[in-house]
Amino acid sequence: MKKPTRNTGGNWTLPGVVVVRKVKNAKTGPMACSWVARSTCRQCPFTGSPCYGSSGNCGLHARRLDEQAKRSSAITLARREAACIDMLPGTIPFRGHIVGDCPTDETARIVSAAMERYMAKHDQPAYLYTHSWRTVARVSGQYQCPCFVRNGA
Ligand code: SF4
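Residues numbered from 1 in each chain as written. Predicted model: local features only at pLDDT ≥ 70, side-chain atom pairs only at ≥ 80, totals over all residues.

Participant: Quick question: what am I supposed to make of the environment of Pro4 here?
Facilitator: Structurally, Pro4 can be placed in the segment before β1 (5-6). What makes Pro4 buried here is the crowd of 21 C-beta atoms within 10 Å. Residues Pro4 and Pro15 lie 11 residues apart in sequence; the distance between their C-alpha atoms is 9.1 Å. When neighbours within four sequence positions are excluded, Pro4 is seen to be in contact with Trp12, Thr13, Leu14, Ala83, Cys84 and Met87. (Helix = DSSP H or I, 4+ residues; strand = E, 2+ residues; numbered from the N terminus. Buried ≥ 20, exposed ≤ 12 C-beta atoms within 10 Å, placed from the backbone. Contact = placed C-beta atoms within 7 Å.)

Participant: Can you help me understand the site of the ligand in this one?
Facilitator: Taken together, Arg38, Cys41, Cys44, Phe46, Thr47, Cys51, Tyr52, Gly53, Val99, Asp101 and His131 are the residues near the ligand. A breakdown of the residues in the shell around the ligand according to their chemical character gives six nonpolar, three polar and two charged. (Near = placed C-beta within 6 Å. Nonpolar A, V, L, I, M, F, W, Y, C, P; charged D, E, K, R; others polar.)

Participant: Mind showing me how you'd approach the packing of helix α2 (residues 74-86) against helix α3 (residues 105-122) here?
Facilitator: Working note: a packed helix pair is described by the angle between its axes plus the distance between those axes. Remark: α2 packs on α3, axes separated minimally by 9 Å, with the N-to-C direction vectors making an angle of 0 degrees. Taken together, the axis directions place α2 and α3 in an arrangement best described as roughly parallel. Mapping the contact onto sequence places Ala74, Ile75, Ala78, Arg79, Glu81, Ala82, Ile85 and Asp86 in α2 and Glu106, Thr107, Ile110, Val111, Ala113, Ala114, Met115, Arg117 and Tyr118 in α3. For the contact of α2 with α3, the per-class residue count stands at 11 nonpolar, one polar and five charged. (Axes fitted to C-alpha atoms, helices over the stretch in contact; angles between N-to-C directions. Parallel < 35°, antiparallel > 145°, perpendicular 65-115°, else oblique.)

Participant: Mind showing me how you'd approach the confidence of the model for the protein chain here?
Facilitator: Parts of the model with low pLDDT should not have their predicted coordinates read in detail. Chain-level statistics for the protein chain give a pLDDT mean of 87 and a share of 90% at 70 or above. Mean pLDDT per element in the protein chain: strand β7 (residues 148-150) is the minimum at 44, and α2 is the maximum at 98. pLDDT under 50 marks residues 142-153. Its contacts with residues more than four places away, or in other chains, come to 29 contacts. (pLDDT = per-residue confidence, 0-100.)

Participant: Would you explain the pairing of strand β5 (residues 94-99) in this entry?
Facilitator: Moving residue by residue along a regular strand, the side chains alternate between the two faces of the sheet. Of all six residues making up β5, five are buried, and the element is well covered by its neighbours. Sheet analysis places strand β4 (residues 31-36) next to β5, joined by three bridges and oriented parallel. Counterpart to Ala32 in the pairing with β5 is Phe94. Summarising the sheet, β5 and strand β6 (residues 126-130) pair through three bridges and their orientation is parallel. Paired with Arg95 across the bridge in β6 is Tyr127. Handedness of the crossover joining β5 and β6 through α3 is recorded here as right-handed. (Pairing = 2+ DSSP bridges. Right-handed = clockwise from strand over helix to strand, strands pointing away.)

Participant: I would appreciate a short explanation of unusual backbone geometry in the present structure.
Facilitator: Keep in mind that most residues, glycine aside, have a negative phi and that most peptide bonds are trans. Notably, His97 is not glycine yet its phi reads approximately 65 degrees, a positive angle. As for its placement among the helices and strands, His97 is situated in strand β5. The exposure class assigned to His97 is buried, which follows from the 22 C-beta atoms found within 10 Å. You will see that Asp123, though not glycine, has its phi angle at about 60 degrees, which is positive. Tracing the chain through its elements places Asp123 in the loop between α3 and β6.

So this is what it looks like as structure tokens:
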């Protein structure tokens, strides 16, 4: 797999994935975060419909990632996301999946492992929400990795 590319904003990217080094959020404080193409959102009731991820500025970025990932499998996208997460210094909290999801056990294991590595660097928290809790076993991420939080939607 190709190595992640660093873009002009200092963020890490591969086709269909971008990991943002630092966002400023009044509610959460500075955080790193990941965006993944919405082809991974298989369990979300909004899949294929307008959603948070398709509106405003968020939608501009999400559509670009969707376009880049047209021929990419969920496993490939999870590997790319993990590679991008591994490029981060890990000095601030990380929130995965501003858009996107881990739709299978294997993809959850891949991304969870990267988040465990992230937390190990500087003992910072890492978490994400998933719509796939009905189909992804806890042992794939939600159980072994405390950062992998359930979302009841
Ligand atoms: S998980 Fe989020 S980004 Fe993906 S389809 Fe659902 S609302 Fe949109």
